[in-house]
Amino acid sequence: MNKQYSLKKNYDIQKIFLKKQSVGNSFFAIYYDFHNDIEVAISISKKLGKAHERNYNKRVVREILRKNMTLLENKHMLIVIKEKSLKLVYEEKEREIIKLLKRIR
């Protein structure tokens, strides 16, 4: 994903979180709001491994989202990576994220 799609401001992330529109499973939680453009923030707790492990998981999620941009149209999202997702392989992570994105539609 390009930087133009990243959601960085804390108050923007708080707005999405406070709307309480969300979908989730035991691997990921996605908070969302409908807008005219696409912006995504990815969050993972510091309890879930060292920095390079957390960064790797964020890169994997970004790549999955980049490949599936059509499912992201007109949304601002906050994706929370949960501990159980760390044990999944790439294909399983992709399948779980796509399921959640389809539920948002």
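Source: prediction; values computed, not measured. (Residues numbered from 1 in each chain as written. Predicted model: local features only at pLDDT ≥ 70, side-chain atom pairs only at ≥ 80, totals over all residues. Heavy atoms only, no water.)

Asker: What is the right way to look at the sheet that holds strand β1 (residues 22-24) in this model?
Answerer: The pairing of strands in a sheet happens through backbone hydrogen bonds and is either parallel or antiparallel. Read from one edge to the other, the open sheet built from four strands follows the order β1-β2-β4-β3, with strand pairing classed as mixed. Since the sheet does not close on itself, it has two edges, and those belong to β1 and β3 (39-44), each with one partner. For this sheet, the mean angle separating the axes of adjacent strands, direction not counted, is 15 degrees. Running at roughly 150 degrees to β3, helix α2 (residues 51-67) makes contact with β2 (28-34), β3 and β4 (75-81) of the sheet. Taken strand by strand, helix α3 (residues 90-104) contacts β1, β2 and β4, and its axis lies near 35 degrees from that of β2. (Pairing = 2+ DSSP bridges. Helix = DSSP H or I, 4+ residues; strand = E, 2+ residues; numbered from the N terminus. Axes fitted to C-alpha atoms, helices over the stretch in contact; angles between N-to-C directions. Contact = heavy atoms within 4.5 Å.)

Asker: How should α3 be read in this particular structure?
Answerer: What sets the pattern is the α-helix's 3.6 residues per turn: residues three or four places apart point alike. Taking 1.5 Å per residue as the helical rise, α3 with its 15 residues ought to reach 21 Å, and the 22 Å between its terminal C-alpha atoms agrees with that figure. Regarding α3, the residues found buried are Lys-93, Glu-94, Glu-96, Ile-97, Ile-98, Leu-100, Leu-101 and Ile-104. Looking at the buried residues of α3, the elements they touch are β1, β2, α2 and β4. (Expected span 1.5 Å × (residues − 1). Buried < 20%, exposed > 50% of the residue type's maximum accessible area, 1.4 Å probe, protein only.)

Asker: What is the right way to look at the packing of aromatic side chains in this model?
Answerer: Geometry of an aromatic ring pair is reported as the spacing of the ring centres plus the angle between the planes. On inspection of all chains with the given rule, the structure shows two aromatic pairs. Seen from their ring centres, Phe-17 and Tyr-31 are 4.9 Å apart, and the 55 degrees between their planes marks the pair as tilted. Taken together, the residues Phe-17 in helix α1 (residues 10-19) and Tyr-31 in strand β2 connect sequence positions 14 residues apart. Using a relative accessible area of 38% as the deciding quantity, one classes Phe-17 as partly exposed. Seen in terms of ring centroids, Tyr-32 and Phe-34 are 5.7 Å apart; in terms of plane orientation they differ by 75 degrees. Their pairing is edge-to-face. (Phe/Tyr/Trp six-rings, centres within 6.5 Å; stacked < 30°, edge-to-face > 60°.)

Asker: Can you help me understand the nonpolar core in this one?
Answerer: It is characteristic of soluble globular proteins that their nonpolar side chains tend to be buried jointly. One finds Phe-28, Ile-30, Val-61, Leu-65 and Leu-101 to be the most contacted residues of the largest nonpolar core, which totals 25 residues. Counting residues in each nonpolar core, the second largest holds seven residues, with Leu-7, Ile-16, Tyr-31 and Ala-41 among its members. (Core = buried A, V, L, I, M, F, W, Y, C linked by side-chain atoms within 4.5 Å.)

Asker: What exactly am I supposed to notice about the side chain of Asp-33 here?
Answerer: The topology assignment puts Asp-33 in strand β2. Only 3.3 Å separates the side chain of Asp-33 from the side chain of His-35, close enough to count as a polar contact. In this structure, Asp-33 is in contact with Ile-16, Lys-19, Gln-21, Asn-74, Lys-75 and His-76, ignoring residues within four places of it in sequence. (Polar contact = N/O pair within 3.5 Å; in protein donor to acceptor, adjacent residues only side chain to side chain.)

Asker: When you look at the pairing of β4 in this model, what are you seeing that I'm missing?
Answerer: Each regular strand carries side chains that alternate between the two faces of the sheet. Burial analysis of β4 places six of its seven residues in the buried class, which makes it a mostly covered element. Sheet topology note: the β2/β4 ladder contains seven bridges and is antiparallel. Across the sheet, the residue bridging to Asp-33 is His-76, located in β4. As judged from the six bridges shared by β3 and β4, these two strands associate in the parallel manner. Residue pairing in the sheet places Ser-43 in a bridge with Val-80 of β4. In this view, the connection linking β3 to its parallel neighbour β4 by way of α2 has left-handed handedness. (Right-handed = clockwise from strand over helix to strand, strands pointing away.)

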